[in-house]
Structures are given as structure tokens and as C-alpha cells.
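# Understanding the architecture of this molecule
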Amino acid sequence: MSAGRPERRNAIGASRAVVLLSGGLDSATCLAWAQRRGFECVTLAVDYGQRHGVELGAARRVSTALGAREHREVRVDLRAIGGSALTDAIEVPKDRPPADASGIPVTYVPARNTVFLALALGLAETLGAHDLVAGMNAVDYSGYPDCRPEFVRAFEQVARLGTKMGVQGAPIAIHTPLMSLDKAGIVRLGVSLGVDYSLTHSCYDPDAEGLACGRCDACRIRAAGFAAAGVPDPTRYAGAPAPGA
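Residues numbered from 1 in each chain as written. Predicted model: local features only at pLDDT ≥ 70, side-chain atom pairs only at ≥ 80, totals over all residues. Heavy atoms only, no water.

### A look at the pattern of salt bridges
In total, this model carries ten salt bridges according to the counting rule given. Glu-40 is the partner of Arg-69 in a salt bridge, and the nearest nitrogen-oxygen pair spans 3.6 Å. Here Glu-40 lies in strand β2 (residues 40-47) and Arg-69 lies in the loop between α2 (54-65) and β3 (70-75), a separation of 29 residues in the sequence. A relative accessible area of 45% places Arg-69 in the partly exposed class. Of the residues examined, Glu-40 reaches a relative accessible area of 11% and is grouped as buried. Across the pair Asp-217 and Arg-96 runs a salt bridge, and its minimum N-O distance is 2.4 Å. Taken together, the residues span a long stretch of sequence, with Asp-217 in helix α7 (residues 217-229) and Arg-96 in the loop between β3 and α3 (112-127) at a distance of 121 residues. By relative accessible area, which is 16% here, Arg-96 ends up buried. Here the residues in one salt-bridge network are Arg-16, Glu-40, Arg-69, Glu-70 and Arg-72, joined through shared partners. (Salt bridge = Lys/Arg side-chain N within 4 Å of Asp/Glu carboxyl O. Helix = DSSP H or I, 4+ residues; strand = E, 2+ residues; numbered from the N terminus. Buried < 20%, exposed > 50% of the residue type's maximum accessible area, 1.4 Å probe, protein only.)

### Concerning helix α1 (residues 25-36)
Look at α1: 17 Å from first C-alpha to last across twelve residues, which is about the 16 Å you get at 1.5 Å a residue. In terms of residue burial, α1 counts as a mostly covered element, since ten of its twelve residues are buried. Restricting attention to buried positions, one finds in α1 the residues Leu-25, Asp-26, Ser-27, Ala-28, Thr-29, Cys-30, Leu-31, Ala-32, Trp-33 and Ala-34. (Expected span 1.5 Å × (residues − 1).)

### Some remarks on the confidence of the model for the protein chain
On average, residues of the protein chain score 90 in pLDDT, and 90% of them reach the 70 mark or higher. Counting contacts from residues 2-13, a segment whose pLDDT is below 50, to residues more than four positions away or on other chains yields 26 contacts. (pLDDT = per-residue confidence, 0-100. Contact = heavy atoms within 4.5 Å.)

### Focus: α3
In a regular helix each residue adds 1.5 Å, so 16 residues correspond to 22 Å; α3 covers 23 Å between its end C-alpha atoms and thus fits that length. Taken residue by residue, α3 has Arg-112, Asn-113, Phe-116, Leu-117, Ala-120, Leu-121, Leu-123, Ala-124 and Leu-127 as its buried positions. Looking down the long axis of α3, one finds its buried residues gathered within 165° of arc, a one-sided arrangement. (Arc of directions from axis to C-beta.)

### A closer look at the packing of α1 against helix α6 (residues 183-192)
Any two packed helices are characterised by the angle at which their axes cross and by the distance between the axes. Interhelical geometry of α1 versus α6 gives an angle of 45° and a closest axis separation of 9 Å. Between α1 and α6, the crossing angle belongs to the class labelled oblique. In the crossing of α1 with α6, the sense of the turn from one axis to the other is left-handed. Contacts from Leu-25, Asp-26, Thr-29 and Arg-36 in α1 reach Lys-183, Ile-186, Val-187, Leu-189, Gly-190 and Ser-192 in α6. (Axes fitted to C-alpha atoms, helices over the stretch in contact; angles between N-to-C directions. Parallel < 35°, antiparallel > 145°, perpendicular 65-115°, else oblique. Left-handed = near helix turned anticlockwise from the far one by under 90°.)

### A short note on the pairing of β3
Across six bridges, β2 lies against β3 in parallel orientation. Residue pairing for β3: Val-42 is matched across the bridge by Glu-70. Assessed by its sense of winding, the connection that carries the chain from β2 through α2 to β3 is right-handed. (Pairing = 2+ DSSP bridges. Right-handed = clockwise from strand over helix to strand, strands pointing away.)

As C-alpha cells, then:
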């Protein structure tokens, strides 16, 4: 969760970072944050067998628009494990009242962020990058255990103990600049960094044309964030987003 450690420079003078990029609002903001800090960014999207490929296309667009050095895409079939509404034949919850939005919902994908960070860590080692950037958030999130600061700190320790760079005294830092921000704060940060949120996609269950449903937890939290930030929501919804988050 490091935010201010000394940055190592590559041959052309820029510190290289691997940025996990889902194509959503949070990860796009993280990429813009990393670019503003002067990192030379390589973005990584994971095709994990999610319900739709819309977010993968969004990740490519965001990476290009924000000027990443390179975009990589890795495929890992988490459908073989299942256990989530995003990777299995389980209905995505819609229109959940705030009082019901507690606990760990069925949209949690078992071990997803563990797998994603491991892939980013491997890519970082091959690139000689000492920094990972990820969009975990412990405020406006859906109760996922792998979005908490404790998890990120633990994974940094794994990286320190389980990588060549780590045992040689040059450990990898994981930056999570959104960890303590609510969704409105993330939107405001992204706007200040010039993020075009019309390029991003957050919906768990878009229609065949890629339009956001406006009713799943991700859509509701996103819409509420734009409203609270006082920023027009550029999301293309199949219908009006349900009120509340």
C-alpha cells in the first residue's frame, strides 16, 4: 500500500509500474494517478471468464487514451472454479436496498484479486518493475475481503518473500491510491486527472449491446458516486439507474 517510497528508474529515466486495469472507473483513475506520478505504465487486464467481454474492450480503450506504454491481456479460466455470479450460472443481484448490501455478495469471485496481483507481480518481475498499482477500495465497495488494506499488506509480504527481487533486497511496492476514498472522491480525483469516464465500464450484467444495467451493485455505487461528486454521469445505461447505492 506504499504511496511514497523512492522510485527506481529504468534505462530511459522513468520508473516502470504494472497497473491492473479492469476497464472500470476505479482502475482507470489508478492509471491516471500513476501516469501523473511519472510512472512508465504497463497495463494488465485479465480475461478470467467473466460474464462478458465488455470490460476488456474498455481496458484497451482506457490504456490507449491515458497513454500507457503497453497493454497486456492474460487469460485465466476462473469459470473452472465458479462460485460467483460473475463466473457461474448464478443470477446477478439487482435493486438491492442499502440495508441488504452487507456481508459478502455472490458477485465476489473467489481468490480473484490474489490471482490478479500474482499475475501482475510476475509481469513486474519480467519487466524489472518495482511497483504495482491496483484499485482496491475499502470504503465504497461490495464487501469483498480481497479489497481490504490488510489483504494488500499481506500480499506485499508474499511478494517480498516469494520473488527474486524481494529476496535480493529490492521488493515490489503495491500502490492502492483509492483505498480510503469514497466513490465520489474517486470520481473527483479522476476528473482532476483528466479521466474520460465515458470510456470505462463497471456493470456486472450489461446487455448484448454492452449497455449498463443500472441496477446491479456496481451500477448503483457508480451512479451514486457521480451524483455525490456533482459530475455528470457519462455511463450508457439500458435503463435509468435505480436510485440509491
